[in-house]
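Summary of the model geometry
Next come the chains, spelled out residue by residue.
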Amino acid sequence: RIQFKHHFHQHEDIEQANIIATQTSSPLPRSNSPSSSHSGTRSSSNYPSVTSSPSPSRSGSSMWSNSVSSSNYPYYTNSPSSSRYPYSNTASPSRYAYYTNTPSRSRNGNSYYDVTVLDSFTNSTNTLTIVSQPAIQQYVSTFTNSSTILGGQRDIILLEQNGEAYSVFTAGVTNGEFFANTPYHGEGSATLQYDGYDNTIQIDKYGLGGMDFTCGGECNAFRLAMSGADLQSVDVTVYTYNNQTYATSSCNYEIYNIYTTMQNYFTPYSSFNYGCSWNNVGAVEIVVTMQSSGYVAIEEITLCKY
């Protein structure tokens, strides 16, 4: 029996199954108890960072500004000053491997600018497929390597938790978008894992080598451009470690109320449970838990000033 659990406790290592996954499915005993424990609905007033207008990439119109008001961003320009940004637009990979010179955006009062692109899903992944079988759980996984992906590799894990016989679960990356689907009466999850080049779904909490997610003090939130329906939650988990003791810790943020149109969802660092050492990150994991007929689409994941 293989159980997939997420426990988020500071200074506590999380033991996970040491499985090197392939494109073939592996049977697991099926649980008779429902996997969903959340209602899946939450007032948007609790999550004011969720925006409600279409993404520029979907609407066809750009909302990017070529100039930023000095009153809002007195230090940010399209050509960073040497005093604020001592690196060039083609920054040294050792310090800002994913630095982008992105002007400010504003949408429904949420102003931000991207500093670091973690994954823009320009590198396609073959579609993972699970055909549900009676009385067993199954998972499949795949790994995609690229210098444009955080840590050089993207791991995708598709898990079937419950499903009617011969119903189909899918996940993959195509046309600049990560997607995952569950069938009618099906329940499952899709995981995006960024923990360096390891070719395994066992998370390496040191895999990113202690990356600075504050971007030298500029970044204070994740941004996910995302749409979906019939989702239980989208969980963002960050693993950090201490350079002296090598003790690891993790912190978590859950996103609810995902809209069917592409939106920006912000996860401020200050809103994660427990505390993370944001200047010493070893791994990131995003788990999408889907209910019957659920689907998710993610166009971009960035670190931003929000």
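Above this text you will find the structure in question.
Residues numbered from 1 in each chain as written. Predicted model: local features only at pLDDT ≥ 70, side-chain atom pairs only at ≥ 80, totals over all residues. Heavy atoms only, no water.

The next point concerns the side chain of asparagine 252. Within the secondary structure layout, asparagine 252 lies in strand β11 (residues 248–255). Overall, the relative accessible area of 6% leaves asparagine 252 in the buried class. (Helix = DSSP H or I, 4+ residues; strand = E, 2+ residues; numbered from the N terminus. Buried < 20%, exposed > 50% of the residue type's maximum accessible area, 1.4 Å probe, protein only.)

The next thing to look at is the state of the cysteines. What the rule picks out here adds up to 2 disulfides. Linked covalently through their sulfurs, cysteine 215 and cysteine 219 form a disulfide whose S-S length is 1.9 Å. An S-S torsion of about -95° defines the bridge between cysteine 215 and cysteine 219 as left-handed. At a sulfur-sulfur separation of 1.9 Å, the disulfide partner of cysteine 251 is cysteine 276. Given an S-S torsion of about -110°, the disulfide between cysteine 251 and cysteine 276 has left-handed geometry. One end of the pair, cysteine 251, is in strand β11; the other, cysteine 276, is in the loop between β12 (263–268) and β13 (281–305), and 25 residues separate them in sequence. Look at cysteine 276 and you get buried, because its relative accessible area is 14%. Here the disulfide map of the protein reads 1-2, 3-4, the bonded cysteines being numbered as they appear in the sequence. (Disulfide = S-S within 2.5 Å.)

Unlike most non-glycine residues, alanine 135 shows phi in positive territory, near 70°. Within the fold, alanine 135 resides in the loop between β4 (125–131) and β5 (136–145). Phi at serine 293 is positive, roughly 60°, even though this residue is not glycine. Here serine 293 shows up in strand β13. Exposure remark for serine 293: the relative accessible area of 34% places this residue in the partly exposed category.

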